Amino acid sequence: MSLQVVRREQKQQGRFSASIPPILSRIYAARNVFSDDEIALDLKSLHPPSLLKGLPEAVQLLMQALENRSRILIVSDFDADGATSCALMMRALASMGFPHVDYIVPNRFEYGYGLMPEIVALAAKKKPDLIITVDNGISSIEGVLAANELGMQVLVTDHHLPGHALPEAAAIVNPNQPECPFPSKALAGVGVVFYLMIALRSSLREQQWFEKQGIREPNLANFLDIVALGTVADVVPLDRNNRILVSEGIKRIRAGRACAGINALLRLGKRNPARLVASDLGFAVGPRLNAAGRLDDMSLGIECLLIDDERSAMTMAMELDSMNQERKQIEADMKEQAMRDLEALSLSESSTPSGLCLYNANWHQGVIGILASRLKERFHKPVIVFADAGVNSDGEAELKGSARSIAGLHIRDVLDSVATHNPGLVSRFGGHAMAAGLSLLKSDFDAFNEAFAAEVAAQLGEGAQAASILSDGEMAAEQLSLPTAQCLREGGPWGQGFPEPCFDGRFQVLQQRVLAGAHLKLVLCPVGQSQHAVDAIAFNVDLEQWPGEQVDSIDIVYKLDVNEYRGKQSLQLIIEQISPV
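Predicted model only: the values in this text are computed from it and were never measured. Throughout this description, residue numbers start from 1 for each chain and increase along the sequence as written. Where local features are concerned, this predicted model is filtered to residues with pLDDT of at least 70; where side-chain atom pairs are given and counted, the filter is 80 or more; whole-chain, interface and lining totals use all residues. Excluding hydrogens and water, the side-chain values take into account all heavy atoms of the structure.

Undergrad: Help me out: how do you make sense of unusual backbone geometry in this one?
TA: Note on backbone geometry: most residues besides glycine have negative phi, and most peptide bonds are trans. With an omega of 10 degrees, the peptide bond between Gly492 and Pro493 qualifies as cis. In this text, helices come from DSSP runs of H or I with a minimum length of four residues, and strands from runs of E with a minimum of two, each type numbered from the N-terminal end. Structurally, Pro493 is set in the loop between α18 (482-490) and β13 (503-515). The residue Arg69 is not glycine, and still its phi comes out positive at about 55 degrees. Considering the arrangement of structural elements, one finds Arg69 in the loop between α3 (55-67) and β2 (72-76). On the basis of relative accessible area, Arg69 is assigned to the exposed category, the value being 53%. In the Ramachandran plot, Asn540 falls in the positive-phi region, its phi being about 55 degrees despite a non-glycine side chain. Accessible area is worked out with a 1.4 Å probe on protein chains only. A residue is then buried under 20% of its type maximum, exposed over 50%, and partly exposed in between.

Undergrad: What is the right way to look at the packing of aromatic side chains in this model?
TA: Aromatic pairs are defined between Phe, Tyr and Trp rings, using the six-membered ring for Trp, whenever the two ring centres lie within 6.5 Å; interplanar angles under 30 degrees are classed as stacked, those over 60 as edge-to-face, and all others as tilted. A complete count under the given rule lists 11 aromatic pairs for this structure. Among the aromatic residues, those joined into a ring-pair cluster are Tyr359, Phe386, Phe445, Phe448 and Phe452. To sit over a ring, a charge needs its Lys NZ or Arg CZ within 6 Å of the ring centre and within 35 degrees of the ring normal. The ring of Phe498 has Arg243 lying over it, and the distance from NZ or CZ to the ring centre is 3.9 Å. Over the aromatic face of Phe379 sits the side chain of Arg378, whose NZ or CZ is 5.9 Å from the ring centroid.

Undergrad: Looking at this structure, how should I read the environment of Arg71?
TA: Take Arg71: it is sitting in the loop between α3 and β2. Since its relative accessible area comes to 41%, Arg71 is described here as partly exposed. Through-space distance from the C-alpha of Arg71 to that of Asp129 is 5.2 Å; in sequence the pair is 58 residues apart. Setting aside its immediate chain neighbours within four residues, Arg71 contacts His100, Lys126, Lys127, Pro128, Asp129 and Leu130. The contact definition used throughout considers only heavy atoms, calling two residues in contact when any of these lie within 4.5 Å.

So yeah, pure geometry; function would need other evidence.
Next comes the structure, spelled out in structure tokens:
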């Protein structure tokens, strides 16, 4: 889909010191950041843990568990945020002297998401005194009740939006629970765990626990590589608080202080840890880690983050990399099938319903979220992709769906409204503004499809946002330089909610050729300025259109990148959108 280019509003550049280059001042201001204080990313600028509702009760639970030498069982989610949350808590509790800590991660194909009663029954076999959920649990009302009935206390740590009722857990730590004053509602699950561990260490310090036990007080900042990975991989908005966590984690990775698993995954992703940026975590490490939970069992990903032996970590990372290659092939096949299904329905990019639901009996349950993202980008409409999920306790066939939304439409609220107006239609649902998951009976798919499209149309009305790409404007030819690219690279971390600078302009095409079967490699220059020639690359182009031998001018939207080859750095434009003039 060709996107409309919308230039960001150019705002007054604020009160930055002379140390901030003018181009960064302009870009920060366009993201509503106007002073040096707002871009200071030191740990002391983090919001204080005391603002998190439920934290004192959670710390007290853990203190009692430590005193009683209780058995603790962590119940993790099966994505990268869940894996990093679990690994962080395992490492942190061990460093503070907790003697009996274990974890389970439910297989998504057998149990589904969250602390369900079936998971509680599985957990009970390990005889825990305390269950701690990480990156899940806020909607697990029945599961927490089941644990309580079996005499197991539950501590919920989560960041997802709660439903109309909260589980009856012994403690809940979630910045999005009602009446929580914590300013950053964008914390990932791993960020919530990090805050809990900070508060726990503080309480143990006050009681002189470490001195009495002869244990060195842990420096929790040493775990920020794991926090940064989970935060970026979960695509939560990078508000200032999250940028601090990510920035500090990146510093540690660059300094060679990452855990063995992250280093191994970076090596397989052909990323240099010394030059790491947030997008490397999102595109090289996160997908490989996520592949375990998508295709098999996330325990492999968690173990990769827990192991300290470099050789063992590389062995696990190679297995994760192999899974990720398999995932890519499955995804490609599913996308091809989805486009055939849409063609069979005679739907085009302009004639699809307001909300798009797709189901195929052959689709892989672990990959439907990625397919939903790809179709959302293609059609610029909210999309839910469904796959078979077996049968329920009544012997009825169920579907599991993964939803992705567009700007201006809160997808979880849409599902809530559909469920409210159609009692019994949706078995379970939960998620965020931009992504959600749900389950329903296979026999109800058509009814849900109709109700979903109607609800999306009602909420968007005439205000549906056109498919667009935001640009920070044009760049002067002399700014197309390696120093500018390096300046922008270090001006982050960039990511969701704090997007990497993106520019637009018209260029002359000096050279063009296809690489690796689908990537267009170009040499460009601003119109009439061949002395400013620059390399550029556009990934996954339409090979029926490119290379366009007759095209000598193009309009592009692009990012500046520092390309490194054989130890030499050079400027390269990463093309986000390309169209001939």
